[in-house]
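Tertiary structure, described
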Amino acid sequence: MKKLLFVLFFLSSLHFNAQESTYHGDVLRYLTMNGTANQYSAAIDQLFELLGKQYKDQNVSSDVWSELKKETTPELNKILNMLVSAYRGTYEHDDIKNMIAFYETPTGKQLLADKTALDYEQQKQASVFYNSPTGQKILTSEQQIARRVGEVSEIWSRDLYRGLVDKLAEKGYVMQQ
């Protein structure tokens, strides 16, 4: 009996982990398709521009900048994984799937690219989506998600900036005040 309970517990935990990784992967997919990943990639580029200006008198070699920029992909992955947590408390897996399905349509793509360019038919399709349970959840949780994303982004960007400044200091480069 104990063995049977152990096997059932083990199988249910495998199932839960598989569902969790699917949810996680789908949120990451959604964050990529809706432009969030590109926004954070651009933010990293802007941070390097800022650091370049702050350290311009230090003559930081291009090799050092290249070495530091190698960390951008792990940092981008880090923030996207942190954002999954921001979405977790609000959206169920079916919501994420519905969002992906909508934003993969021509209407969804146009909405993301330039909502002012939606034609009449696309406006109707967008209205149908936003009147759906998932669409309503998006509309009613917009501020809550924005707050969570803002908090996560602030922590991430602060830590990234500090980490890069620390690495520059380790290499002997100190920002002039």
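Before reading on, note that the structure itself is shown above.
Report follows, based on the coordinates. Just so it is clear, the model here is predicted, and its values are computed rather than measured.

**What to know about the overall build of the protein**
- Looking only at helices and strands, the protein has 8 helices and 0 strands in total.
- For the protein, the succession of helices and strands along the chain, N to C, is α-α-α-α-α-α-α-α.
- The contacts in the protein between residues at least 6 apart in sequence include a share of 79% that link residues at least 24 apart.
- Only carbon and sulfur atoms are counted for the fraction: they give 55% of the accessible area of the protein, which is about 11400 Å².

**Some remarks on the nonpolar core**
- Of all hydrophobic cores here, the largest spans 43 residues; its most connected members are Y87, I96 and M99.
- Those elements that place two or more of their residues in this core are α1 (2–33), α2 (36–54), α3 (62–69), α4 (72–88), α5 (93–103), α7 (120–130) and α8 (133–170).
- Per-element tally for this core: the top contributor is α8, with 9 residues.
- In contact with M99, not counting residues within four places along its chain, are Y30, Y87, Y91, F129, T134 and I138.

**What to know about unusual backbone geometry**
- For N59, which is not a glycine, the phi torsion comes out positive at approximately 50°.
- One can find N59 in the loop between α2 and α3.

**Things to note about the packing of α2 against α8**
- With their axes 11 Å apart at the nearest point, α2 and α8 run at an angle of 40° to one another. Considered as vectors, α2 and α8 are oriented oblique to each other. Like other packed secondary-structure pairs, α2 and α8 cross with a definite hand, here right-handed. Residue-level contacts link Y40, I44, L47, F48, L50, L51 and Q54 of α2 to V149, S153, W156, L160, Y161, L164 and V165 of α8.
- Across the contact of α2 with α8, the residue classes tally to 12 nonpolar, 2 polar and no charged.

**Looking at α7**
- Of the residues making up α7, those classed as buried are Q122, A126, F129 and Y130. All buried residues of α7 lie within an arc of 90° about the axis, which places them on one face of the element. Turned more than 90 degrees away from the buried face of α7, the exposed residues are Y120 and V128.
- Lining the buried residues of α7 we find α5, α6 (106–114) and α8.
- N-capping of α7 is provided by D119, with a side-chain oxygen placed 3.1 Å from the backbone N of E121.

**Focus: the packing of aromatic side chains**
- Tallied over the full model, the rule gives 10 aromatic pairs.
- Here the aromatic rings of Y30 and Y87 are separated by 6.1 Å at their centres, their planes lie at 70°, and the arrangement is edge-to-face. You can see Y30 sitting in helix α1 and its partner Y87 sitting in helix α4, a full 57 residues away along the chain. Like Y30, the residue Y87 is buried in the burial classification.
- Ring geometry for Y40 and W156: centres 5.5 Å apart, planes at 80°, overall edge-to-face. Of this pair, Y40 sits in helix α2 while W156 sits in helix α8; the two residues are 116 residues apart in sequence, bridging distant segments of the chain.
- We classify W156 as buried; its relative accessible area is 4%.

Parameters at a glance
- Residues numbered from 1 in each chain as written.
- Predicted model: local features only at pLDDT ≥ 70, side-chain atom pairs only at ≥ 80, totals over all residues.
- Heavy atoms only, no water.
- Helix = DSSP H or I, 4+ residues; strand = E, 2+ residues; numbered from the N terminus.
- Contact = heavy atoms within 4.5 Å.
- Areas by Shrake-Rupley, 256 points an atom, 1.4 Å probe, with all protein chains shown as cover.
- Core = buried A, V, L, I, M, F, W, Y, C linked by side-chain atoms within 4.5 Å.
- Buried < 20%, exposed > 50% of the residue type's maximum accessible area, 1.4 Å probe, protein only.
- Axes fitted to C-alpha atoms, helices over the stretch in contact; angles between N-to-C directions.
- Parallel < 35°, antiparallel > 145°, perpendicular 65-115°, else oblique.
- Left-handed = near helix turned anticlockwise from the far one by under 90°.
- Nonpolar A, V, L, I, M, F, W, Y, C, P; charged D, E, K, R; others polar.
- Arc of directions from axis to C-beta.
- Polar contact = N/O pair within 3.5 Å; in protein donor to acceptor, adjacent residues only side chain to side chain.
- Phe/Tyr/Trp six-rings, centres within 6.5 Å; stacked < 30°, edge-to-face > 60°.

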